[in-house]
Amino acid sequence: MQRILAIALAMAVLAVGCNRPWSQGPDIDKPRRTKPPKSEPGAPRPPVKDEVAEDFNRQGLAACEKKEYAKAADFFQEAVRLRPDVATFHNNLGRTWYWMTEYDMALEELKEAARLDGKDAGARANLGDVYRQKENYLEAVRYYHEALQLDPNQARVHYELGN
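Below, the structure is looked at part by part. None of these values were measured; they are calculated from a predicted model. (Residues numbered from 1 in each chain as written. Predicted model: local features only at pLDDT ≥ 70, side-chain atom pairs only at ≥ 80, totals over all residues. Heavy atoms only, no water.)

### Comments concerning the pattern of salt bridges
Move 1: Per the counting criterion, the structure on display carries 14 salt bridges.
Move 2: As a salt-bridge pair, R124 and E146 come within 3.3 Å of each other at their nearest N and O atoms. Here R124 is found in helix α6 (residues 121-133), whereas its partner E146 is found in helix α7 (residues 137-150), with 22 residues between them in sequence.
Move 3: Using a relative accessible area of 22% as the deciding quantity, one classes E146 as partly exposed.
Move 4: The closest approach of N and O atoms between R132 and E160, which form a salt bridge, is 2.8 Å. Of this pair, R132 sits in helix α6 while E160 sits in helix α8 (residues 155-162), placing them 28 residues apart in sequence. (Salt bridge = Lys/Arg side-chain N within 4 Å of Asp/Glu carboxyl O. Helix = DSSP H or I, 4+ residues; strand = E, 2+ residues; numbered from the N terminus. Buried < 20%, exposed > 50% of the residue type's maximum accessible area, 1.4 Å probe, protein only.)

See below:
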């Protein structure tokens with residue numbers, strides 16, 4: 001019986017808080033956090049989320065090599081969902097939509113990639129490809145020229161401008 005009372009007393013003390021007298025009861029004046037605090041804008045992201053997003057990106061690239069574009073798009077979409085601030089993920093998803101002939105979706109992702117990384121020549125070259133397929137040659141040439149301004153060594157873009 002004494003053992004049961006001792007356990008009950010210990011549980012009561014733990015429930016109330018060890019450093020507060022019984023008469024004061026639990027510390028209810030202070031708000032209790034049930035969730036971790038939200039990070040401030042620009043604060044470093046948790047590495048686990050980054051690693052998971054990178055893993056989805058790698059799986060998407062592997063699916064692209066096998067020409068499993070629908071599967072690749074799913075992986076890239078998960079990477080974008082986890083890290084919408086990474087231009088490479090948007091570029092990979094946009095390029096995949098391009099291969100699936102989903103040109104409007106490709107444009108949306110590629111424009112976001114170009115917006116996120118102002119120095120990404122690849123996103124601009126990919127935008128040129130999409131506009132070329134949509135037969136909007138003025139926009140295609142504009143994006144090809146932007147790509148060459150950022151990286152004049154893109155042989156593929158020089159080739160596309162020659163056609």
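Let us keep going from here.
### Examining the environment of Y98
Move 1: With respect to the element layout, Y98 can be found in helix α4 (residues 87-99).
Move 2: Remark: the alpha-carbon pair of Y98 and V130, spanning 32 residues in sequence, is separated by 6.6 Å.
Move 3: The contact partners of Y98, leaving out residues within four places of it in the chain, are Y103, A106, D129, V130, R132 and Q133. (Contact = heavy atoms within 4.5 Å.)

### Focus: the side chain of R124
Move 1: Relative accessible area serves as the criterion here: at 9%, R124 is assigned to the buried category.
Move 2: In terms of polar contacts, R124 uses its side chain to reach the backbone carbonyl oxygen of A114, at 3.3 Å.
Move 3: Every residue in contact with R124, bar those within four places of it in the chain, is listed here: A114, D117, G118, Y143, E146, A147 and L150. (Polar contact = N/O pair within 3.5 Å; in protein donor to acceptor, adjacent residues only side chain to side chain.)

### Description of unusual backbone geometry
Move 1: Phi angles above zero are rare outside glycine, and T101 is one such case at about 60°.
Move 2: In this fold, T101 is placed in the loop between α4 and α5 (103-116).
Move 3: Notably, E135 is not glycine yet its phi reads approximately 65°, a positive angle.
Move 4: Inspection of the secondary structure assignment puts E135 in the loop between α6 and α7.

### Re α6
Move 1: Along its 13 residues, α6 runs 19 Å from first to last C-alpha, staying within 8% of the 18 Å computed at 1.5 Å per residue.
Move 2: Within α6, ten of the 13 residues are buried, leaving the element largely enclosed by the surrounding structure.
Move 3: Taken together, the buried positions of α6 are occupied by A121, A123, R124, A125, N126, L127, G128, D129, V130 and Y131.
Move 4: Where α6 is buried, its residues meet α4, α5, α7 and α8.
Move 5: Its side-chain oxygen at 3.0 Å from the backbone nitrogen of G122, D120 defines the N-terminal cap of α6.
Move 6: Just downstream of α6 lies E135, where phi reads positive at about 65°. (Expected span 1.5 Å × (residues − 1).)

The analysis is restricted to geometry; functional conclusions fall outside its scope.
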